[in-house]
Amino acid sequence: MTTNLDLTSHDTRAAAEHFAARLRWAIDASDLHAALETGEPGFVLVDSRGDAGWAQGRIPGAIHLPLAEMRERAADVLDPDVPVVTYCWGPGCDGATRAALELSLLGYRVREMIGGIEYWAREGLPVATDAGTARRPSDPLTAPVSSPVCDC
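Bear in mind the structure is a predicted one, so any value in this text is a computation, not a measurement. (Residues numbered from 1 in each chain as written. Predicted model: local features only at pLDDT ≥ 70, side-chain atom pairs only at ≥ 80, totals over all residues. Heavy atoms only, no water.)

Next up on the list: the sheet that holds strand E1 (residues 26-27). In spatial order, the strands read E1-E5-E4-E2-E3; together these 5 strands make up an open sheet with parallel pairing. Pairing within the sheet leaves two strands with one partner each, and these edge strands are E1 and strand E3 (63-64). Judged from the 2 bridges that link them, E1 and strand E5 (residues 110-113) form a sheet pairing that is parallel. Considered in E5, the bridge of isoleucine 27 is made with methionine 113. (Pairing = 2+ DSSP bridges. Helix = DSSP H or I, 4+ residues; strand = E, 2+ residues; numbered from the N terminus.)

Another point: the layout of surface pockets. If you add up the space inside the second largest pocket, you get close to 240 Å³. Lining of the second largest pocket is provided by His18, Phe19, Ala21, Arg22, Leu23, Trp25, Ala26, Ile27, Asp28, Asp31 and Ile114. Tallying contributions element by element places helix H1 (residues 12-25) first for the lining of the second largest pocket, with 6 residues. For the lining of the second largest pocket, the per-class residue count stands at 7 nonpolar, 1 polar and 3 charged. (1 Å grid on protein atoms, 1.4 Å probe; cavity = no way out; pocket = protein on both sides within 12 Å on 5 of 7 lines; lining within 4 Å. Points joined across faces, edges and corners; volume = space filled by probe spheres on them. Nonpolar A, V, L, I, M, F, W, Y, C, P; charged D, E, K, R; others polar.)

To continue, consider the packing of helix H4 (residues 70-77) against helix H5 (residues 95-105). Where H4 meets H5, the axes come as close as 10 Å, and the angle between the chain directions of the two elements is 65 degrees. In this view, H4 runs roughly perpendicular relative to H5, as classed from their interaxial angle. Two packed elements cross with a definite hand, and for H4 against H5 that hand is right-handed. Contacts between H4 and H5 pair Met70, Arg71 and Ala74 from the former with Ala99, Glu102 and Leu103 from the latter. (Axes fitted to C-alpha atoms, helices over the stretch in contact; angles between N-to-C directions. Parallel < 35°, antiparallel > 145°, perpendicular 65-115°, else oblique. Left-handed = near helix turned anticlockwise from the far one by under 90°. Contact = heavy atoms within 4.5 Å.)

Another point: the pairing of E5. As paired strands, strand E4 (residues 84-87) and E5 are joined by 3 bridges and run parallel to one another. Among the inter-strand pairings, valine 85 is bridged to a residue of E5, identified as arginine 111. After leaving E4, the chain enters H5 and then returns to the sheet as E5, a path that is right-handed. (Right-handed = clockwise from strand over helix to strand, strands pointing away.)

Core analysis: the biggest nonpolar cluster contains 17 residues, and Leu32, Leu45, Ile59, Val85, Tyr87, Met113 and Trp120 have the highest contact counts within it. When contributions to this core are tallied by element, the ones reaching two or more residues are helix H2 (29-37), E4 and helix H6 (116-122). Excluding residues that lie within four positions of it along the chain, tryptophan 120 makes contacts with Ala29, Leu32, His33, Leu36, Ile59, Pro60, Met113, Leu125, Pro126 and Val127. Val44, Val84, Ala99 and Tyr108 belong to the second-largest nonpolar core, a separate cluster that totals 12 residues. (Core = buried A, V, L, I, M, F, W, Y, C linked by side-chain atoms within 4.5 Å. Buried < 20%, exposed > 50% of the residue type's maximum accessible area, 1.4 Å probe, protein only.)

This part is about H1. The end-to-end C-alpha distance of H1, which contains 14 residues, comes to 20 Å, matching closely the 20 Å that a straight helix rising 1.5 Å per residue would cover. The opening residue of H1 is aspartate 11, an N-cap whose side-chain oxygen sits 3.1 Å from the backbone nitrogen of arginine 13. (Expected span 1.5 Å × (residues − 1). Polar contact = N/O pair within 3.5 Å; in protein donor to acceptor, adjacent residues only side chain to side chain.)

Looking now at the environment of valine 127. Tracing the backbone through its elements, the reader meets valine 127 in strand E6 (residues 127-129). Since its relative accessible area comes to 18%, valine 127 is described here as buried. The spacing of valine 127 and proline 60 is 67 residues in sequence and 6.4 Å in space, taken between C-alpha atoms. What valine 127 contacts, discounting residues up to four positions off in sequence, is Gly57, Arg58, Pro60, Trp120, Ala121, Gly132, Thr133 and Ala134.

Structure below.
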């Protein structure tokens, strides 16, 4: 039986390039939170979900720029000199990837937050709604419950 796990002819240079590219273009919830906590993260955070998702909860400080409106509205709400980080629902959704692609094609420097709002919330990070901001306990399957950092 042949599987995709055959590493006998593994190209380590290609693997290193692949993983380096992933780290260059993505950021996780914990690192994003740490950057936001500095008060001067050096990027703008874009929630690419529609109105219902935005209303359900968002990362504090994010701007709402739905993917469906991105091409028409990006120039009105984003500074082309400021890098952008996109996020959407979670790992089962490619909305943040599509938003990052769209913004890249429009000339913006972009990274994608992996895990989306799902993993942001599951890690016990603050979620804002029109009613205020709340934090839920960390999910022990996504973050240590006794520490604010994952030590990854």
